[in-house]
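Survey of secondary and tertiary structure
The residues making up each chain are set out below.
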Amino acid sequence: MRDSRETISPRAFVAGYPIKHSRSPLIHGYWLSRYELDGAYEKIAVDSSDLAEFIATLKTSESPYCGGNITIPHKEAACLLADEVDPSAEELGAANTLWLEDGRLCAMNTDGLGFVANLDARRPYWDHVDRAVVLGAGGASRAVLQALRDRGISEIHVVNRTIERAQELVHRFGAPLEAHGMDALETLLDGAGLFVNTSSLGMDGTEAPHLPFERMKSDGLVTDIVYVPLKTPFLIQAEQVGVSTVDGLGMLLHQAAPGFEKWFGRKPEVTEKLRNLVLADIEGHS
Ligand code: ATR
């Protein structure tokens, strides 16, 4: 039987659970229309008990999809179920982008690419720092730590409430990472060039502790991967003492680009127009 994916316009998905609030369809839908491409991108609710079957079906000619995004809570499982996993996703143990190549399901993780592309776009030379401090050691922090290490940052301090989780990441990613508990945070900020919040502190209007960002280098940068609210408590605190900031929305936009190129064959641009569209959607729901 001929595979229908060879003759019809490409279709991609984002699969996760819950999936209702995913903004990926807005981003990919915008690019499809901006570049006048034939194709579709849709969200699919897939719970954990259905994931293995969902992935197995993707490899068959019954599936209409050429690939898609995998989101919470399936990023780890996707990595195990794919046929080919790129080395950096393999090291992370998590994948967020799938595509088919000669009938084999390939996987990569674009979160770290999105993180650095956002900083590259909004703050060139951000990587000219000796010391980076990363708060949080959950799933979201792994891609950031890997990306900072791969960018050649020489000193990366991982600070977490549960120090064992930070230690596990040091073990996973090796030098130049060091693990610390929360009590070390203020001292580590002394002379730091970069602070990244990957914890859930400040997300959805929750409280965040006060941090002495004025102790960072005068050309230091504070960024947050939380983007709801866009101006998180840490970004507000940094701005109040004159430290530059980059918000996390661009990471969401940039991490989407490699998948779009794989499925629809065109490298998309992250523009202010796209950013404003997604921002309006976030503001409409808050
Ligand atoms: P994700 O996969 O999105 O990173 P996660 O695995 O639940 O989510 O991790 C959330 C991060 O925020 C963790 O680093 C967590 O610290 P613990 O590992 O100690 O749980 C951090 N976090 C959440 N609430 C916190 C709080 N009140 N104070 C300090 N850190 C907190």
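Cut-offs and rules
Along each chain, numbering runs from 1 in the same order as the chain's sequence is written. The model is predicted, so local features are restricted to residues of pLDDT at least 70 and side-chain atom pairs to those at 80 or more, both for listing and for counting; the totals for chains, interfaces and linings are taken over all residues. Excluding hydrogens and water, the side-chain values take into account all heavy atoms of the structure. Salt bridge, as used here: a side-chain nitrogen of Lys or Arg that lies within 4 Å of a carboxyl oxygen of Asp or Glu. Only DSSP runs of H or I reaching four residues or more are called helices, and only runs of E reaching two or more are called strands; each is numbered from the N terminus. Here a helix's expected span is defined as the number of its residues, less one, multiplied by 1.5 Å. Each residue is placed in one exposure class: buried if its accessible area under a 1.4 Å probe, protein chains only, is under 20% of its type's maximum, exposed if it is over 50%, and partly exposed if it falls in between. Starting at the helix axis, one direction is taken to each C-beta atom, and the arc is that of these directions. Only a single heavy atom is needed: when it lies within 4 Å of a molecule or strand, its residue is near that molecule or strand. The term polar contact refers here to a pair of N or O atoms within 3.5 Å; inside protein, the definition further demands a hydrogen-donor-capable atom paired with an acceptor-capable atom, and it admits residues adjacent in sequence only when both atoms are side-chain atoms. Only the protein chains shown count as cover for residues, and all accessible areas are computed by the Shrake-Rupley method using a 1.4 Å probe. Gly counts as polar in this scheme, as do all residues outside two lists: the nonpolar Ala, Val, Leu, Ile, Met, Phe, Trp, Tyr, Cys and Pro, and the charged Asp, Glu, Lys and Arg. At least two bridges found by DSSP between two strands are what make those strands a pair. Axes, fitted as lines to C-alpha atoms, cover a helix only where it is in contact. Angles between the N-to-C directions of the axes lie from 0 to 180 degrees. Whether two aromatic rings pair depends on their centres lying within 6.5 Å, for rings of Phe, Tyr and Trp, where Trp uses its six-membered ring; planes under 30 degrees apart make the pair stacked, over 60 edge-to-face, and the rest tilted. Bear in mind that the domain bounds are from an automatic or database domain assignment. Accessible area that two parts lose when put together, evaluated with a 1.4 Å probe and summed over both, is termed the buried area. In this analysis, two residues are considered to be in contact whenever any of their non-hydrogen atoms come within 4.5 Å of each other.

So, about the pattern of salt bridges. Should their charged atoms come close, side chains of opposite charge can pair. All told, the structure shown has 16 salt bridges when counted by the stated rule. A salt bridge links K75 to D111; the nearest nitrogen and oxygen atoms lie 2.9 Å apart. With a gap of 36 residues between them, K75 in helix 3 (residues 75-81) and D111 in helix 5 (residues 111-122) connect regions that are remote in the sequence. A salt bridge links E272 to R122; the nearest nitrogen and oxygen atoms lie 3.4 Å apart.

Note on helix geometry: an α-helix contains 3.6 residues per turn, so any two residues three or four positions apart are oriented the same way. Its 14 residues place the ends of helix 11 (residues 272-285) 20 Å apart at the C-alpha level, agreeing with the 20 Å of an ideal helix rising 1.5 Å per residue. Every buried residue of helix 11 is listed here: L274, R275, V278, L279 and I282. Buried residues of helix 11, seen end-on, are gathered within an arc of 130° and therefore sit on one face of the element. In helix 11, the exposed positions angled more than 90 degrees off the buried face are occupied by K273, E283 and G284.

A few words on the site of the ligand. Lining the immediate surroundings of the ligand are 13 residues, of which A137, N160, R161, T162 and R165 lie closest. Measuring from an oxygen atom of the ligand, one finds a backbone N or O atom of A137 at 2.9 Å. Take S200: an N or O atom from its main chain is 3.1 Å from an oxygen atom of the ligand. Taken by itself the ligand offers 640 Å² of open surface, and the protein chains cover 67% of this. The class makeup of the residues in the shell around the ligand is four nonpolar, seven polar and two charged.

This brings us to the sheet that holds strand 7 (residues 131-135). One open sheet accounts for six strands, arranged 9-8-7-10-11-12; its pairing is parallel. Here the strands that pair on one side only, and so sit at the sheet edges, are strand 9 (177-180) and strand 12 (244-246). Between one strand axis and the next, the sheet turns through 20° on average, direction left out of account. With four bridges connecting them, strand 8 (residues 155-159) and strand 9 associate as parallel partners.

Moving on to the packing of aromatic side chains. Considering all chains together, one arrives at 10 aromatic pairs under this definition. On the numbers, 6.5 Å between centres and 75° between planes, the contact of F115 with W126 is edge-to-face. With F115 in helix 5 and W126 in the loop between helix 5 and strand 7, this pair connects stretches of sequence that are 11 residues apart. By the burial criterion, F115 is buried, and W126 matches it. Counting every residue linked through ring pairs, the aromatic cluster contains W31, Y41, F260, W263 and F264.

Another aspect to go through is the domain arrangement of the chain. Domain boundaries in the chain define domain 1 (4-109 + 256-284) and domain 2 (113-247). Contact between domain 1 and domain 2 buries roughly 1000 Å² in total, counting both sides, with carbon and sulfur atoms accounting for 46%. Scanning the region where domain 1 abuts domain 2 turns up three salt bridges. Two residues, R149 and E91, come together in a salt bridge whose shortest N-O distance is 2.8 Å. When contributions to the side of domain 1 that touches domain 2 are tallied by element, the ones reaching two or more residues are helix 4 (87-92) and helix 11. No other element matches the four residues that helix 11 contributes to the side of domain 1 that touches domain 2. When grouped by side-chain class, the residues that make up the side of domain 1 that touches domain 2 number four nonpolar, three polar and five charged.

This next bit is on the environment of A56. If you trace the backbone, A56 turns up in helix 2 (residues 51-58). Here the alpha-carbon distance between A56 and L81, two residues 25 residues apart in the chain, equals 8.3 Å.

Moving on, we come to helix 5. With 12 residues, helix 5 extends 17 Å from end C-alpha to end C-alpha; this agrees with the ideal 16 Å at 1.5 Å per step. For helix 5, every residue scored as buried is listed here: D111, G112, G114, F115, V116, N118 and L119. The inward-facing, buried residues of helix 5 abut helix 3, helix 6 (139-150), strand 10 (194-197), strand 11 (221-224), strand 12 and helix 10 (249-264).

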